[in-house]
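An overview of the molecular structure
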Amino acid sequence: MTARSIDLRETTPDVFARQSCALLAQWMRDVLSAQEGCTLALSGGSTPKPVYELLAREDLAWERVTVCLVDERHTDEQ
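Summarised in this report is the structure supplied together with it.

The next point concerns the pairing of strand β1 (residues 38-43). On β1, burial follows the alternation: C38, L40 and L42 on one face are buried, whereas T39, A41 and S43 on the facing-out side are not. Looking at chain direction, β1 and strand β2 (residues 65-70) are connected through six bridges and run parallel. From the neighbouring strand, L42 faces β2, where its bridge partner is L69.

Moving on, we come to the nonpolar core. Within the largest apolar cluster, 13 residues are counted, with the highest numbers of intra-cluster contacts made by M28, C38, L40, L55 and V65. Elements represented by at least two residues in this core include exactly α1 (13-34), β1 and α2 (49-56). It is α1 that provides the largest number of residues to this core, a total of six residues. Ignoring any residue separated from it by four or fewer positions in sequence, one finds L40 in contact with L24, M28, L55, W62, V65, T66, V67 and C68.

The tally for this structure, following the rule as stated, stands at three salt bridges. The closest approach of N and O atoms between R18 and D14, which form a salt bridge, is 3.1 Å. In this pair, R18 and D14 both sit in helix α1, four residues apart, roughly one turn of the helix. You can call R18 partly exposed: its relative accessible area is 46%.

Thresholds applied
Residues numbered from 1 in each chain as written. Predicted model: local features only at pLDDT ≥ 70, side-chain atom pairs only at ≥ 80, totals over all residues. Heavy atoms only, no water. Buried < 20%, exposed > 50% of the residue type's maximum accessible area, 1.4 Å probe, protein only. Helix = DSSP H or I, 4+ residues; strand = E, 2+ residues; numbered from the N terminus. Pairing = 2+ DSSP bridges. Core = buried A, V, L, I, M, F, W, Y, C linked by side-chain atoms within 4.5 Å. Contact = heavy atoms within 4.5 Å. Salt bridge = Lys/Arg side-chain N within 4 Å of Asp/Glu carboxyl O.

What follows is the structure, given as structure tokens:
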């Protein structure tokens, strides 16, 4: 799998959700075609919610996907 990115700085929330969902779904399909399973680590909050709602409707081998919640606010106290 090669690294890909899309520029979503100047877009509408709907376009952001659709393009992000398409990108995640394709990455997951690529991984699932190459190995037995994949892990999807997701942040919470209202911004990614529409992306996740669309992603949940994707025809993916969800039984081969491990979904984890992460908290990007974690900091290493030193």
